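# Remarks on the overall topology
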Amino acid sequence: MVRKHRDRKSKGTKVFALAGAVRNTGLVEVPIGTHLGELIYDIGGGIINDKQFKAAQIGGPSGGCIPKQNLNVPLDYETLADLGAIMGSGGLIVMDENTCMVDVARFFIEFVQEESCGKCVPCRTGTRRMLEILERICAGQGEMEDIDRLEELGNFIKTASLCGLGQTAPNPILSTIRHFRKEYEQHIIDKYCEAGVCAGLVRAPCLSACPCGVDVPGFVSMVGDQRYAEALKLHRERNPFASVCARVCFHTCEDKCRRAQLDSPVSIRAVKRFMVDQEVMVQIPEVLENDENAKRKIAIVGAGPAGLSCAYFLARLGYKPVVLESEPRPGGMLVQAIPAYRLPREELAREIRMIESLGVTIETGQMLGRDYTLESLKDDGYELIYLAIGAPLGVDLNIKGSDADGVTEAMSFLRQYNIRGSVPVGKKVVVVGGGNAAIDAARTAMRLGAEEVTVIYRRTREQMPAYAEEIEEALDEGVKLCTLLNPEEFVVKHGKVTGVLCHHMKLGEFDRSGRRRPQDDAEETAEVIEADQVIIAIGQALNKDTTVGNLEVEFNDSGWVKADPRSGATSVPWLLAGGDVATGPSSVAQAIGAGECAAIEIDIRLTGEDHSFWRGYKDQGATFDPDAEPLAYAREKLPTIPLARRRHNFSEVEQPWSEAAALRQARRCLRCDYGKQPTASNE
Ligand SMILES: Cc1cc2nc3c(=O)[nH]c(=O)nc-3n(C[C@H](O)[C@H](O)[C@H](O)COP(=O)(O)OP(=O)(O)OC[C@H]3O[C@@H](n4cnc5c(N)ncnc54)[C@H](O)[C@@H]3O)c2cc1C
């Protein structure tokens, strides 16, 4: 296939051997200057199983790796050289999100090492040294200086080798360090391989993928053995919100489940749901009573999953932290935003009561910036303060008509209903946005009596950040979805909104997020969607002034508090931060993981030692029969209540499995962890 020539400098066409995680593989001839994204998506048909594109390795074994931020680059000699890659033989290997870039570098240098003829020392010995360093890093034995060593060696080999092999051999390593340095650091500092690939760092990919470090194969197999209470205890070692997560977790564990390579992933979240439903009386986890720790004053601001998890883990070390919450009810977005048809309030309340029973005090109606400041807490004797106030504000869409009656914003719409118990709802509701808040607002409006609910989003359905299963449920419930539509102004009559004037969009060039950028489609005429209520759900924000007052806290470029993800440390020595306030809108599991990290850091700062006993590897006794075959059943979904029963009520939509279904699903687990030693990252 030959496409239009667009390049100004390099001439002609180029044949690429398209391979890897792309739908259409084979030889393709394209004009030089064709964009990488076009080659992968238009010709290659996109990534297999709709996974995220991660990088393309271009130019054969000694080519470089180009990340998704550069999908819009033209494939010509000069651009590739600028990015640390080469045109070379035209080999183009597409890699998806499940690829470890450190392992990729190791793989290619191993190949090049074997190919080295041995005539010149830089190539013969230099590539061997690079391979040894990479093997160390992949085994979890690397040190930070190794990155510098690789760069130094790589640049030396490039300039001092006699032939093209040595002169290009370091490319995969240098380009992965350049574009994926964070992955090298995770391998070295955290002993963590995010992609779940490096055997020395990964006990099971699902476990590595869980932001809370829950022993997934452990609890799933215990459920398979009908040891429900033990399974739940194991889960709560790393995550107090088992019941919450059984309902709303985005289950990154399932995305990495190896069973998917055979048929489909184990339904880990649904197995968890069955497990938590077996609990009659909430189990109280192990607590180290400690009189000294109990006297220390620690304040946590914000009772969302980050703040409450921090409190939970501190309490298990014998501390008695105080959690200050502005709203009348604790739980953060779990109670204010996520609707009860997804997360029944009693389930959340039960787990919060369990945390309180460990000695945690939660004071509601206590608002930072109004009732106290971070400095006044410090003056009151709190030694350390954990800031976990999330991303509480909605973001306005500043277009004509935004101030009309009937235009509202999703965070306050959801909060008003969930906390105050009622909110005005129109008959024809338009929701603007494509994230979870948009879908939750749409489904809430539907339940509260709206006759017609339309979600408009400026990109495509595949690009919506909302959880795919939620979008499906919303559509089943009658929500209309209009994609590639962008609101231009709100039509207003007598001060009240009557419609949304929208432009049609089409997808253009790839942007730095690796997605095609939406742009006005001049061929389509604008249209008005009638509405007597518009709910804007285009993002969340933080009010810096009320959060930190005069305290000099550093913020990152996106406007969130700058905090070390490993410890929560901020630029102020006595202040830690975590959860959405530091990452921007993320997930419940991420917030829980952040809370745990902060609790450990607080303990280390106060005692000089790490006492996080719950992180140790738990021997599960004779839970696993190595001769037992994983069951051949297909993946099953949780049953849901009929659509007719979802109007005018907030009954939970997902229903639990029978025991028989739960057991056969749990027994689908391949037990990837079997026989593996605990690794540093999941101890
Ligand atoms: C509509 C919606 C649906 C979502 N659905 C999911 C989902 O299905 N699965 C998932 O994993 N994630 C989901 N998320 C994201 C998830 O809820 C958040 O990432 C998570 O709750 C962040 O936890 P946090 O503790 O950092 O912050 P939050 O949950 O926001 O908690 C912060 C707490 O701080 C309090 N606070 C704020 N300001 C102050 C102040 N000035 N003084 C004192 N207290 C204050 C707040 O009231 C709140 O209780 C959703 C988010 C939204 C908005």
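About the criteria used
Residues numbered from 1 in each chain as written. Predicted model: local features only at pLDDT ≥ 70, side-chain atom pairs only at ≥ 80, totals over all residues. Heavy atoms only, no water. Pairing = 2+ DSSP bridges. Helix = DSSP H or I, 4+ residues; strand = E, 2+ residues; numbered from the N terminus. Axes fitted to C-alpha atoms, helices over the stretch in contact; angles between N-to-C directions. Buried < 20%, exposed > 50% of the residue type's maximum accessible area, 1.4 Å probe, protein only. Near = heavy atom within 4 Å. Polar contact = N/O pair within 3.5 Å; in protein donor to acceptor, adjacent residues only side chain to side chain. Areas by Shrake-Rupley, 256 points an atom, 1.4 Å probe, with all protein chains shown as cover. Nonpolar A, V, L, I, M, F, W, Y, C, P; charged D, E, K, R; others polar. Domains from an automatic or database assignment. Contact = heavy atoms within 4.5 Å. Buried area = accessible area lost by both parts, 1.4 Å probe. Salt bridge = Lys/Arg side-chain N within 4 Å of Asp/Glu carboxyl O. Disulfide = S-S within 2.5 Å. Core = buried A, V, L, I, M, F, W, Y, C linked by side-chain atoms within 4.5 Å. Parallel < 35°, antiparallel > 145°, perpendicular 65-115°, else oblique. Left-handed = near helix turned anticlockwise from the far one by under 90°. Phe/Tyr/Trp six-rings, centres within 6.5 Å; stacked < 30°, edge-to-face > 60°. Right-handed = clockwise from strand over helix to strand, strands pointing away.

Before going further, it helps to examine the sheet that holds strand 3 (residues 53-58). Read from one edge to the other, the open sheet built from five strands follows the order 2-1-5-3-4, with strand pairing classed as mixed. The sheet is open, and its two edges are formed by strand 2 (26-31) and strand 4 (64-67), each paired on a single side. Averaged over all adjacent pairs, the angle separating strand axes in this sheet is 30°, with direction ignored. Sheet topology note: the strand 3/strand 5 (residues 91-96) ladder contains five bridges and is antiparallel.

For Q226, which is not glycine, the phi dihedral falls at a positive 60°. On the basis of relative accessibility, which here comes to 42%, the residue Q226 falls in the partly exposed class. The phi dihedral of R671 falls on the positive side, at around 55°, and the residue is not glycine. As for its placement among the helices and strands, R671 is situated in the segment after helix 26 (659-666). For R671, a relative accessible area of 8% corresponds to the buried category.

Turning our attention to the site of the ligand. The environment of the ligand is formed by 37 residues, the closest being V248, E325, R342, L368 and D580. Contacts to the ligand include M333, whose backbone N or O atom sits 2.9 Å from an oxygen atom. Between S586 and the ligand, the recorded distance is 3.4 Å, taken from a backbone N or O atom to an oxygen atom. Within the complex, the protein chains bury 97% of what would otherwise be the 990 Å² of accessible surface of the ligand. Looking at the shell around the ligand, the elements with two or more residues in it are helix 16 (305-316), helix 17 (333-336), helix 20 (410-420), helix 21 (436-447) and helix 25 (588-607). With three residues, the top contributor of residues to the shell around the ligand is helix 21. Class assignment of the residues belonging to the shell around the ligand gives a composition of 20 nonpolar, 12 polar and five charged.

With that settled, consider the domain arrangement of the protein chain. Segmentation of the protein chain into domains returns domain 1 (13-194), domain 2 (202-285 + 665-683), domain 3 (291-389 + 552-613) and domain 4 (394-540). Each of domain 3 and domain 4 has a C-alpha centre, and these two points are 32 Å apart. With 14 residues of domain 3 in contact, the opposing surface of domain 4 contributes 13 residues. The contact between domain 3 and domain 4 buries some 1200 Å² in all, and 50% of this surface belongs to carbon and sulfur atoms. Interface area lost by domain 3 to domain 4 is led by Q336, Y341 and R342, which between them contribute 42%. Our enumeration of links across domain 3 and domain 4 arrives at three salt bridges.

Moving on, we get to helix 7 (residues 171-179). The element helix 7 is largely enclosed, with a buried count of seven among its nine residues. When we look at burial in helix 7, the residues that qualify are N171, P172, I173, L174, S175, T176 and I177.

Our focus in this paragraph is the state of the cysteines. A covalent bond between the sulfur atoms of two cysteines is referred to as a disulfide. Counted by the stated rule, this structure contains zero disulfides. C245 takes part in no disulfide bond, and the closest cysteine sulfur to it belongs to C249, at a distance of 4.8 Å. Given the relative accessible area of 1%, C245 is considered buried. Of the cysteine sulfurs around C502, a residue in no disulfide, the closest is that of C482, at 8.0 Å. C502 sits in the buried class, given a relative accessible area of 0%.

Our focus in this paragraph is the environment of A644. As for its placement among the helices and strands, A644 is situated in the loop between helix 25 and helix 26. Exposure remark for A644: the relative accessible area of 72% places this residue in the exposed category. Between the C-alpha atom of A644 and that of E477, which follows or precedes it by 167 residues, the distance is 8.7 Å.

A separate point is the nonpolar core. Among the nonpolar cores identified, the biggest contains 103 residues, and F219 and L374 are the most heavily contacted of them. Counting residues per element, this core draws most heavily on helix 25, which supplies nine residues. M411, V423, V429 and Y457 belong to the second-largest nonpolar core, a separate cluster that totals 30 residues.

Between side chains of opposite charge, a pair can form when the charged atoms approach closely. For the coordinates displayed, the defined rule picks out 52 salt bridges. Across the pair R342 and D440 runs a salt bridge, and its minimum N-O distance is 2.7 Å. Note that R342 is positioned in the loop between helix 17 and helix 18 (345-356) and D440 in helix 21, a separation of 98 residues in sequence. Residues R342 and D440 agree in their burial class; the two are buried. Linked by salt bridges that have partners in common, R236, R247, R273, D277, E279, E347, R350, E351 and E652 make up one network.

What follows concerns the packing of helix 20 against helix 21. Packing of helix 20 against helix 21 leaves a shortest axis separation of 10 Å and a crossing angle of 45°. With respect to helix 21, the element helix 20 is oriented oblique. Judged by the twist between their axes, the crossing of helix 20 over helix 21 is left-handed. Here A410, F413, L414 and Y417 of helix 20 come into contact with helix 21, specifically with A437, D440, A441, T444 and A445. Each residue belonging to the contact of helix 20 with helix 21 can be placed in one class, and the counts come to seven nonpolar, one polar and one charged.

Moving on, we get to the sheet that holds strand 6 (residues 298-301). What links the strands of a sheet is backbone hydrogen bonding, and the strands pair in either a parallel or an antiparallel sense. Pairing is parallel in the open sheet, where five strands are placed in the order 8-7-6-9-21. The sheet is open, and its two edges are formed by strand 8 (361-363) and strand 21 (575-577), each paired on a single side. Across the sheet, the mean angle separating the axes of adjacent strands is 20° when strand polarity is ignored. In this structure, strand 7 (residues 322-324) lies alongside strand 8, joined through three bridges in parallel fashion.

Evaluated as defined, the whole model comprises nine aromatic pairs. Taken together, a centroid distance of 5.4 Å and an interplanar angle of 35° make the contact between Y41 and F510 tilted. Here Y41 is found in helix 1 (residues 36-43), whereas its partner F510 is found in strand 16 (residues 496-510), with 469 residues between them in sequence. For Y41, a relative accessible area of 27% corresponds to the partly exposed category. With a relative accessible area of 5%, F510 lands in the buried category. Among the aromatic residues, ring-to-ring pairing joins Y312, F313, F613 and W614 into one connected group.

On a regular strand, each side chain points to the face opposite its neighbour's, so the side chains alternate between the two faces of the sheet. Bridging between strand 13 (residues 452-457) and strand 14 (residues 480-483) involves four bridges; their strand directions are parallel. When the bridges of strand 14 are listed, V455 appears paired with L481. Of the crossover connections in this fold, the one passing from strand 13 over helix 22 (residues 468-476) to the parallel strand 14 is right-handed.

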